[in-house]
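Results of the structural survey
Spelled out, the chains give:
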Amino acid sequence: MDFANLASQLNAGAILPEGIVIITLLVVLIADLIVGRAADRWTPYVAIAGLLAAVGALYLGWNRLETVSFLGSFNSDNLSLVFRGIIALATVVTILMSIRYVEQTGSDLGEYLTILLSATLGAMFLSGSEELVMIFISLETLSIASYLMTGYMKRDLRSNEAALKYLLIGAASSAIFLYGSSLLYGLSGGSTSLAGIAAGIANSSQSLGVLISLVFVIAGISFKISAVPFHQWTPDVYEGAPTPVVAFLSVASKAAGFALAVRFMTIAFPSVSDQWQFIFTALAILSMILGNVVAIAQTSMKRMLAYSSIGQAGFVMIGFVIGTESGYASMLFYLLIYLFMNLGAFTCIILFSLRTGTDQISDYAGLYQKDPLLTLALSICLLSLGGIPPLAGFFGKLYLFWAGWQAGAYGLVILGLLTSVVSIYYYIRVVKMMVVKEPQEMSETIKNYPALSWKPFGMRPLQVGLILTLITTSLAGILSNPLFNLVNASVADVPLFEAAVPIRPAAPVSLQVPATPLSAVVPQSAPQAQTLNVNLRS
Amino acid sequence: MNSGIDLQQSVIEILSNLGLPPGVAKLVWLPLPMVLMLVTAVLGVFTGVWLERKISAAAQQRIGPEYIGPLGILAPAADGLKLLFKEDITPGNADAVLFTIGPALVVIPVFLSYLVVPFGQNMLISDLSIGVFLWIALSSIAPIGLLMSGYASNNKYSLLGGLRAAAQSISYEIPLALAVLAVVMMSNSLSTIDIVNQQSGYGILGWNVWRQPVGLLLFWIAALAECERLPFDLPEAEEEIVAGYQTEYSGMKFALFYIGSYVNLVLSALFVAILYFGGWGFPVPLEQVASLLGVSETNAVFQVVMAAIGIVTTLLKAYFFIFLAILLRWTVPRVRIDQLLDLGWKFLLPVGLANLLLTAGLKLTFPFAFGG
Amino acid sequence: MNLAEGVQTISFALLALMMIGAALGVVLLDNIVYSAFLLGGVFISISGLYLLLNADFVSAAQILIYVGAVNVLILFAIMLVNKREDFSPVPRRWIRKGGAALVSVGLFALLGTMVVQTPWVIPANLPATTSTLIILGEHFFSDYLLPFELASVLLLMALVGAVVLARREYVLDDEASVGEMPQLPLQLPERPKEPVALSGTSAPSR
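Residues numbered from 1 in each chain as written. Chains lettered and ligands numbered in written order. Predicted model: local features only at pLDDT ≥ 70, side-chain atom pairs only at ≥ 80, totals over all residues.

1. A look at the overall build of chain A
Keep this limit in mind: A run of H or I in DSSP becomes a helix once it reaches four residues, and a run of E becomes a strand once it reaches two; helices and strands are each numbered from the N terminus. This radius of gyration counts C-alpha atoms alone. The globule rule is 2.2 Å times how many residues there are, raised to the power 0.38. Three exposure classes are used. Buried residues have 20 or more other C-beta atoms within 10 Å of their own C-beta, exposed residues have 12 or fewer, and partly exposed residues fall in between, all C-beta atoms being placed from the backbone. Two residues form a contact once the distance between their C-beta atoms, set from the backbone, is within 7 Å.
Scanning chain A for helices and strands turns up 24 helices and two strands. Scaling as 2.2 N^0.38, a compact globule of 538 residues should have a C-alpha radius of gyration of about 24 Å, and chain A matches this with 22 Å. Referenced to the eigenvectors of the C-alpha coordinate spread, the extents of chain A come out at roughly 70 × 60 × 40 Å. Here chain A holds 538 residues, and 62% of them are scored as buried. Partitioning the contacts of chain A with sequence separation of at least 6, the portion at a separation of at least 24 is 80%.

Structure representation (structure tokens):
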């Protein structure tokens with residue numbers, strides 16, 4: 001196997017976006033090394049430019065003919081492209097909101113960007129890897145970078161504590177995941193590729209070993225997407241870690257976890273699909289209930305968003321467990337929208353805490369009088385997270401629940417609707433606190449609210465991020481057609497689901513929409529998605 | 001040593017001819033090379049100690065050991081005997097178990113490393129495919145023993161010495177491994193036999209020292225630090241921390257440390273000879289000379305002579321480097337601990353990486369000269 | 001059973017005993033230093049098992065990395081922390097211990113059953129090889145190339161992160177803690193002698 005032959009087999013163009021991210025990472029690191037702190041003025045923009053270039057490269061890679069690269073380690077199919085795009089965009093918005101935060105806490109921006117970019121890299125590789133070693137290394141790249149970023153504010157005791165907790169629990173979950181993977185390696189007779197594992201365990205699918213390895217692998221993945229009961233780290237880490245890092249973890253890390261789950265389960269475990277669907281159903285139910293119910297009792301904004309993100313992960317899992325194409329598409333669609341609304345909410349929290357130094361919910365009282373823009377943005381994002389029409393989150397949830405209903409997962413959908421109502425309660429509580437309060441009921445913090453100024457370094461990017469997420473959150477739902485096309489195409493082009501999708505009686509064959517109350521309120525999205533599904537079938 | 005080809009086969013044959021079943025004959029053979037090597041190592045220590053005392057004396061214009069045997073050659077044996085008869089003291093409140101295991105853990109890996117030291121084509125205990133890597137791996141166990149004895153002594157000087165020793169050993173292992181890696185890259189094998197064979201054929205001109213001068217320097221500095229020789233003997237710097245981790249030790253346990261350090265020195269010198277100075281190869285390519293003179297390579301006498309020359313050459317090369325180490329001891333002052341770590345991490349490590357990169361580049365450019 | 005097989009069986013039994021004993025010691029002993037040293041014993045036993053499996057390079061690498069680096073680092077951390085703290089005995093500690101033991105034994109029973117029950121697939125044509133190293137290298141540069149290269153990014157990032165966590169922090173004078181930092185005096189014990197005023201180069205005063 002000579003060099004030229006090997007190089008032609010590698011199909012290295014498939015990882016062009018990741019290559020761009022690596023080069024950006026090195027440029028930022030070396031610039032910071034040579035120029036010093038003065039480089040802080042422009043390295044964030046270099047990083048953003050690199051990530052946007054990576055997104056552009058992802059766009060160019062759409063509908064690539066030869067998707068498998070590096071002899072089966074990595075698969076750059078359209079599904080992975082969407083996930084990688086979500087992750088890269090999440091990092092862009094995270095950088096926008098980080099600049100001011102990191103400067104104000106007196107930490108170093110260059111190293112922060114380096115670690116953030118490597119976390120992005122790990123997450124992007126995780127979205128497309130189809131081989132156990134690759135999965136583990138990219139998972140660890142993401143995890144270790146996350147631990148480091150969590151503890152980045154090292155003079156803050158809470159940050160230290162959060163990092164330590166995250167590290168310990170994360171290491172344990174990595175070990176469990178690794179144990180499951182090694183079992184799979186043994187059970188399949190020495191294969192590390194997911195497809196090889198599926199072939200190897202096809203005959204002994206119901207054996208105890210396969211089930212144990214399935215449970216272990218799911219435990220490792222559930223830690224990443226913080227599904228109950230693997231969520232214990234989430235509130236503490238979200239509360240202690242620097243807020244931009246939390247934003248990154250809640251979107252990019254979670255998206256990577258879902259990408260891993262889809263790929264691992266559908267490729268490696270088609271023979272036990274009933275079992276993993278059952279496990280994920282249980283996880284989804286627990287996550288929706290616990291996340292949304294406990295969030296009501298929170299007084300800290302970050303903790304509230306932590307539990308809300310657990311609940312949101314539960315919603316997304318509905319799309320995953322039903323296992324239909326529209327289910328996967330709705331999951332991707334929701335993640336895309338969740339990216340903007342959740343990051344928007346975090347941008348608002350960062351802005352508020354930068355100006356006041358607190359993130360207690362009660363301190364938001366009367367914010368409308370002092371800072372209408374912030375109030376507007378936070379309200380829109382929170383309402384969208386709750387699923388109030390006509391914001392983006394509404395359509396995302398609608399699509400999810402519709403897909404679930406079509407697939408016959410009635411219980412899950414009803415539970416999702418109920419917990420959504422619960423979530424609307426705690427989101428609206430914050431909005432009400434900000435908007436309705438009379439001047440005399442303002443909190444002390446708001447009374448001392450500093451004059452609005454976008455002049456200091458790093459505030460402009462924060463503003464840009466705020467406006468960007470605000471606009472997207474408001475309009476993505478109404479103008480959702482391109483997004484729908486995107487996610488549907490990404491799911492449709494992937495052959496892997498054909499084998500994996502279990503034959504369900506309620507698969508979207510029938511064009512007549514079932515006379516459910518849900519479909520009655522669907523103005524545009526559901527029929528649209530249905531026609532798309534019909535197109536797929538034909 | 002009656003054959004250069006296959007000692008094992010001939011010994012087993014002889015034993016079988018004496019009437020032993022082949023299995024038993026093999027069982028009898030198994031420990032022989034090990035015992036031989038153990039004896040060689042201990043004799044090497046004695047020689048090393050004697051040389052150390054004589055050369056130190058010469059460096060300070062003294063005579064050194066004189067009366068115990070001719071030229072004081074039995075002085076190390078007397079030293080050993082004295083240590084053997086000393087009382088074995090375990091200090092109060094010390095951790096007796098760890099205190100005992102510590103020295104053993106320091107010594108055993110060093111002796112194990114002799115597994116891969118070759119004195120001729122077939123004259124080594126085991127031609128492992130991981131060869132020189134085994135030595136690097138085994139030498140990384142020693143810091144555990146040092147930390148153990150430092151901790152168990154219940155003495156802060158001991159603990160400091162143990163920590164220093166471990167820090168030093170870890171820091172210098174990396175440049176050492178990098179230097180070895182450059183050599184390995186040229187010979188395409190980790191096996192010590194292959195490394196020597198790759199240098200043979202052109203006599204002194206073929207030795208790695210010409211192709212790896214930087215690597216040799218790196219290796220030598222790092223090896224001195226690994227052996228805790230001056231100028232890197234901080235773990236036992238007597239002006240600062242009494243005698244480091246050895247402070248509380250006496251009798252045989254101390255002797256283990258003592259033997260261990262000299263065995264390690266001899267081992268390092270042997271590895272310098274193997275990696276950079278052609279191992280058992282004579283400065284003149286004897287095989288070619290012999291074939292010119294018309295002596296057959298399968299001639300038994302020739303083989304025995306070659307084997308003897310190989311052993312003597314290896315030892316001479318090694319002892320030259322021991323001499324150099326002793327000379328350095330009386331020439332160079334001790335470095336400070338921060339200088340030591342700075343040198344290791346900020347100088348040797350980058351230089352080692354650059355050397356590795358350069359070697360790789362040269363190997364691609366001149367595959368003939370750099371083992372393509 | 002010939003000599004080689006006998007040696008292998010005995011070595012396996014010894015190594016397994018060593019490993020289990022040392023591992024139990026790591027978990028059960030109260031003295032953390034003993035635990036750390038025994039962890040080294042576990043690592044060495046594992047490397048012996050690798051040797052029995054003909055994985056000579058992996059075995060040596062295991063010693064170099066786990067014993068020579070990881071374990072020494074753990075010992076360093078333990079010995080450099082000079083805080084002696086006597087833990088007050090937790091009331092009803094035996095309940096927790098019993099619970100942990102129960103879970104562990106249950107898990108062990110489950111995994112043991114699984115190991116015994118599972119029909120392990122053993123590839124028929126195992127290539128007899130003398131040098132595992134060359135095969136390893138070929139894998140690293142063909143089908144495992146991507147993880148191999150990604151590992152270098154991972155290590156670089158870990159290096160940067162370790163430096164960030166370990167280096168001393170310069171204290172900003174003019175920019176007191178705003179934001180989410182606790183309003184405590186922001187000083188490290190190892191505050192440098194001349195605090196560098198970073199306001200000139202850093203951006204906040206723009």
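2. Considering the interface of chain C and chain A
Short version of the rule: Residues are grouped as follows: Ala, Val, Leu, Ile, Met, Phe, Trp, Tyr, Cys and Pro are nonpolar; Asp, Glu, Lys and Arg are charged; all remaining types, including Gly, are polar.
The partner chain A presents 59 residues to the 40 residues of chain C that form the contact. Taken together, the elements giving at least two residues each to the side of chain C that touches chain A come down to α4 (93-117) and α6 (145-166) of chain C. It is α6 of chain C that provides the largest number of residues to the side of chain C that touches chain A, a total of 13 residues. Class assignment of the residues belonging to the side of chain C that touches chain A gives a composition of 27 nonpolar, eight polar and five charged.

3. Describing the packing of helix α5 (residues 109-128) of chain A against α6 of chain C
In plain terms, the rule: Angular values range over 0 to 180 degrees, each being the angle between N-to-C directions of two axes fitted as lines to C-alpha atoms, with helices fitted over their stretch in contact. In these notes the angle categories are as follows: under 35 degrees is roughly parallel, over 145 is roughly antiparallel, 65 to 115 is roughly perpendicular, and the rest is oblique. Crossing handedness follows the turn of the near helix against the far one: under a right angle anticlockwise gives a left-handed crossing, and clockwise gives a right-handed one.
Across the interface, α5 of chain A lies against α6 of chain C with an axial gap of 10 Å and an inter-helix angle of 150°. Between α5 of chain A and α6 of chain C, the angle falls in the class roughly antiparallel. Of the two elements, α5 of chain A crosses α6 of chain C, and the hand of that crossing is left-handed. Contact residues: α5 of chain A offers Glu111, Thr114, Ile115, Ser118, Leu121 and Phe125 of chain A, while α6 of chain C offers Leu150, Val153, Met157, Val160, Gly161 and Val164 of chain C. Partitioning the contact of α5 of chain A with α6 of chain C into residue classes produces eight nonpolar, three polar and one charged.

4. Quick notes on the nonpolar core
The condition that has to hold: A set of buried residues drawn from Ala, Val, Leu, Ile, Met, Phe, Trp, Tyr and Cys, joined through C-beta atoms within 7 Å, is what defines a nonpolar core.
Leu335 and Leu339 of chain A are the most contacted members of the largest nonpolar core, which has 202 residues in total. Looking at which element gives the most residues to this core, the answer is helix α14 (residues 325-356) of chain A, with 22 residues. Each residue touching Leu335 of chain A, except ones within four places of it in the same chain, is listed here: Ile86, Ala255, Phe258 and Val316 of chain A. One finds Phe133, Phe232 and Leu340 of chain B together with Ala36 of chain C within the second-largest nonpolar core, a separate group that totals 116 residues.

5. Concerning the interface of chain C and chain B
A common way to state how big an interface is: give the accessible area lost once the parts meet. Each side of the interface is counted separately: chain C has 20 residues, and chain B has 23 residues. Elements with a contribution of two residues or more to the side of chain C that touches chain B: α2 (32-52) and α3 (56-80) of chain C. For the side of chain C that touches chain B, the element with the highest residue contribution is α3 of chain C, accounting for 13 residues. Within the side of chain C that touches chain B, the residues separate by chemical class into 14 nonpolar, five polar and one charged.

6. Section: unusual backbone geometry
Of note, the amide linkage connecting Val228 of chain A to Pro229 of chain A takes the cis form, showing an omega dihedral of 5°. Summarising the element assignment, Pro229 of chain A is placed in the loop between α9 (208-224) and α10 (233-240). The linkage connecting Pro389 of chain A with the following residue, Pro390 of chain A, adopts the cis geometry, with an omega of 5°. Relative to the helices and strands, Pro390 of chain A is located in the loop between α16 (372-386) and α17 (392-406). Although it is not a glycine, Leu71 of chain A adopts a positive phi angle of roughly 55°. Along the polypeptide, Leu71 of chain A turns up in the loop between β1 (68-69) and β2 (74-75). A residue is classified by how many C-beta atoms lie within 10 Å of it, and Leu71 of chain A, with 17 of them, is partly exposed. One non-glycine residue, Leu71 of chain B, adopts positive backbone phi at about 60°.

7. Things to note about the packing of α16 of chain A against helix α18 (residues 410-435) of chain A
The description of two helices packed together rests on the angle between their axes and the distance between the axes. Residue and element names in this part refer to chain A. Orientation of α16 relative to α18, taken along the N-to-C sense of each, is 170°, at an axis distance of 8 Å. As judged from the angle between their axes, α16 and α18 are roughly antiparallel. You can see that α16 and α18 cross each other, and the crossing is left-handed. Seen from α16, the contacting residues are Thr375, Leu378, Ser379, Leu382, Leu383, Leu385 and Gly386; seen from α18, they are Ser423, Ile424, Tyr427, Ile428, Val430, Val431, Met434 and Val435. When its residues are assigned to classes, the contact of α16 with α18 shows 11 nonpolar, four polar and no charged.

8. Some remarks on the environment of Val72 of chain C
When you line up the elements, Val72 of chain C lands in helix α3. In sequence terms Val72 of chain C and Phe37 of chain C are 35 residues apart; their C-alpha atoms lie 9.1 Å from each other. With residues up to four places along the chain from it excluded, the contact list for Val72 of chain C reads Pro143, Ile144, Leu147, Ala166 and Ile170 of chain B.

9. Concerning helix α2 (residues 16-35) of chain A
All names here are of chain A. Our working definition: One fewer than the residue count of a helix, multiplied by 1.5 Å, yields its expected span.
Under the 1.5 Å per step criterion, the end-to-end length of α2 is 28 Å for 20 residues, consistent within 8% with the ideal 28 Å. Of the positions making up α2, those classed as buried are Pro17, Glu18, Ile20, Val21, Ile22, Thr24, Leu25, Val28, Leu29 and Asp32. Looking one or two residues past α2, Gly36 carries a phi angle of roughly 90°, positive in sign.

10. Examining α5 of chain A
Compared with an ideal rise of 1.5 Å per residue, which puts 20 residues at 28 Å, α5 of chain A spans 29 Å between its outermost C-alpha atoms and is within 8% of the ideal. For α5 of chain A, the tally of buried residues reaches 20 of 20 residues, placing the bulk of the element in the interior.

11. Some points on the confidence of the model for chain B
All names here are of chain B. Just so we agree on the cut-off: Looking at any residue, its pLDDT shows the predictor's confidence there, from 0 to 100.
Taken as a whole, chain B shows an average pLDDT of 84; of its residues, 98% reach a score of 70 or greater. Element-level pLDDT for chain B is lowest in helix α12 (residues 238-241), with a mean of 73, against a maximum mean of 91 in helix α11 (residues 213-226). With pTM at 0.86, the complex prediction returns an ipTM value of 0.85.

12. Focus on the environment of Tyr399 of chain A
If you trace the backbone, Tyr399 of chain A turns up in helix α17. The spacing of Tyr399 of chain A and Trp454 of chain A is 55 residues in sequence and 38 Å in space, taken between C-alpha atoms.

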